[in-house]
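Examination of the molecular architecture
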Amino acid sequence: SVSQSRCGLLMTLLMGLFFLMFMRFNNDVTNFTLFFTAFSVLIALTLITDFTSVLLDARDNFIILPKPVNDKTFVLSRLLHIIIHISKMVVPLSLPILIFTWCSNGFSGFIILLPILILLTLFTIFLINAFYILVLKVTTPEKFKNIISYLQIAFAIIIYAAYQIMPRMIQKMNGNINLDNKLWIKFFPTYWFSKCWNALFTKHFNHIDIVALAFTMIVPLLSIVTGK
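Attention in this report is confined to the structure presented alongside it. Along each chain, residues carry numbers from 1 onward, in the same order as the chain's sequence is written. Residue-level local features of this predicted model are given only where pLDDT is at least 70; pairs of side-chain atoms are given and counted only at 80 or more, and the full residue set underlies all totals for whole chains, interfaces and linings. The side-chain figures draw on all heavy atoms in the structure; neither hydrogens nor water molecules are used.

For the purposes of this entry, the term helix denotes a DSSP run of H or I that reaches at least four residues, the term strand denotes a run of E that reaches at least two, and both are numbered from the N terminus. Each helix and strand counted, the chain has eight helices and zero strands in total. The helix and strand sequence of the chain, counted from the amino end, reads α-α-α-α-α-α-α-α. Counting contacts in the chain only where the partners sit at least 6 residues apart, residues at least 24 apart contribute 75% of the total. Two residues qualify as a contact provided that any one of their heavy atoms is within 4.5 Å of a heavy atom in the partner residue.

Multiplying one less than the number of residues by 1.5 Å gives the expected span of a helix. Here helix 7 (residues 189-202) contains 14 residues, and its C-alpha end-to-end distance of 20 Å stays within 8% of the 20 Å for a straight helix at 1.5 Å per residue. When helix 7 is considered as a whole, its buried residues turn out to be Thr-190, Tyr-191, Trp-192, Phe-193, Ser-194, Lys-195, Cys-196, Trp-197, Asn-198 and Ala-199. Lys-203, located one to two residues past helix 7, shows a positive phi value of around 60°. Only protein chains enter the accessibility calculation, which uses a 1.4 Å probe; a residue whose area is less than 20% of its type maximum is buried, one above 50% is exposed, and one in between is partly exposed.

Only residues whose relative accessible area exceeds 30% and that take part in no salt bridge are eligible for patches, with like-charged residues grouped when within 9 Å of each other and nonpolar side chains (Val, Leu, Ile, Met, Phe, Trp, Tyr) grouped when within 5 Å. Here the accessible surface of atoms and residues is derived via Shrake-Rupley with a 1.4 Å probe, and residues count as covered only by protein chains that are part of the display. Any Lys or Arg side-chain nitrogen located within 4 Å of an Asp or Glu carboxyl oxygen qualifies as a salt bridge. On the surface, Trp-102, Phe-107, Ile-111, Leu-114 and Ile-118 cluster together to form a nonpolar patch covering roughly 480 Å² of accessible area. Residue position: Phe-107 is located in helix 5 (residues 71-138). Classification of Phe-107 as partly exposed rests on a relative accessible area of 47%.

In this section: the packing of aromatic side chains. Within 6.5 Å between ring centres, the rings of Phe, Tyr and Trp (the latter by its six-membered ring) count as paired, and their orientation is classed by plane angle as stacked under 30 degrees, edge-to-face over 60, tilted in between. In total, this model carries 14 aromatic pairs according to the counting rule given. Between Phe-32 and Phe-36 the ring centres are 5.5 Å apart and the planes differ by 35°, which places this aromatic pair in the tilted class. Of this pair, Phe-32 and Phe-36 both sit in helix 2 (residues 28-50), four residues apart, which is roughly one turn of the helix. The buried category is assigned to Phe-36, whose relative accessible area is 0%. Grouping aromatic residues by their ring pairs yields a cluster made of Phe-18, Phe-19, Phe-22, Phe-32, Phe-35, Phe-36, Phe-39, Trp-197 and Phe-201.

To continue, consider the nonpolar core. By size, the foremost hydrophobic cluster in this structure holds 36 residues, and its most contacted members are Phe-19, Phe-35 and Phe-36. Of all the elements in the fold, those that place two or more residues in this core are helix 1 (2-18), helix 2, helix 5 and helix 7. When residues of this core are assigned to their parent elements, the largest contribution, 17 residues, is made by helix 5. Ignoring anything within four residues of it in the chain, the contact list for Phe-19 reads Phe-35, Ala-38, Phe-39, Leu-42 and Leu-93. With six residues, the next largest nonpolar core counts Val-29, Leu-179, Ile-185 and Trp-192 among its residues. We define a nonpolar core as any set of buried Ala, Val, Leu, Ile, Met, Phe, Trp, Tyr and Cys residues linked to one another through side-chain atoms lying within 4.5 Å.

Along the chain, Thr-46 turns up in helix 2. Along the primary structure Thr-46 and Met-89 are separated by 43 residues, whereas in three dimensions their C-alpha atoms are 9.2 Å apart.

All right, on to the side chain of Asn-31 then. One can find Asn-31 in helix 2. Judged by its relative accessible area of 4%, Asn-31 falls in the buried class.

Another point: the side chain of Asn-105. Assignment of secondary structure puts Asn-105 in helix 5. When its relative accessible area of 18% is taken as the criterion, Asn-105 is described as buried. Polar contact is defined as a pair of N or O atoms within 3.5 Å, subject to the rule that within protein one atom must be able to donate a hydrogen and the other to accept it, and that residues adjacent in sequence are counted only when both atoms are side-chain atoms. A polar side-chain atom of Asn-105 sits 3.0 Å from a polar atom in the side chain of Ser-104. Once residues within four sequence positions are removed from consideration, Asn-105 is found in contact with Asp-28, Trp-197 and Phe-201.

For side chains bearing opposite charge, pairing can occur when the charged atoms are close. In the structure shown here, the tally under the stated rule is one salt bridge. In this structure, the salt-bridge partner of Lys-195 is Asp-209, at a minimum N-O distance of 3.0 Å. Here the residue Lys-195 occupies a position in helix 7, and Asp-209 occupies one in helix 8 (residues 207-227), the gap between them amounting to 14 residues. Neither Lys-195 nor Asp-209 differs from the other in exposure class; each is buried.

Dropping the structure here:
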């Protein structure tokens, strides 16, 4: 219904405001890495818990697959369907960070962040869609749907725990954390997106920045092309 849709948009907007707590550290790379991680995890969990009926519809095996439709067309149709629905979540979730970045880093920071959020969303959607395709190969849709109810409970617990714990942890750290110095963070895709924003905003490019920029620009687009 319209009221439920508006309530969902409002809740997503509040989550976007809540995620601004990750922007309290001493450097932008750490701030955006944490924000991008929370952003992509929330989108991923939403896809898993809310779109199972779309992604794991067993009727496709009897209706679509026997038709002259190849795998690439089938995957692309699923991606487009998800993108249309997930945009209703991404827009209000992105709005607070876009306004915050515009106010703190100016229009240049805002205009750089906008395409990066789009690329991050596409990359997250591809990963979840690939995950579902893998699930279909190792189990049946009916069995996986039985697990979704437990995932929904876990999702609610994670959101509540994050709301209670994360602000206290960040306050105790007092902004004294720099993920840019951690070797393991280099393997996280959200770090690449963060480094990409920082390099484009500061116009400072070292070898790590160039690699992160390439991964940020190429990997999401390549994921969509290969999934078509």
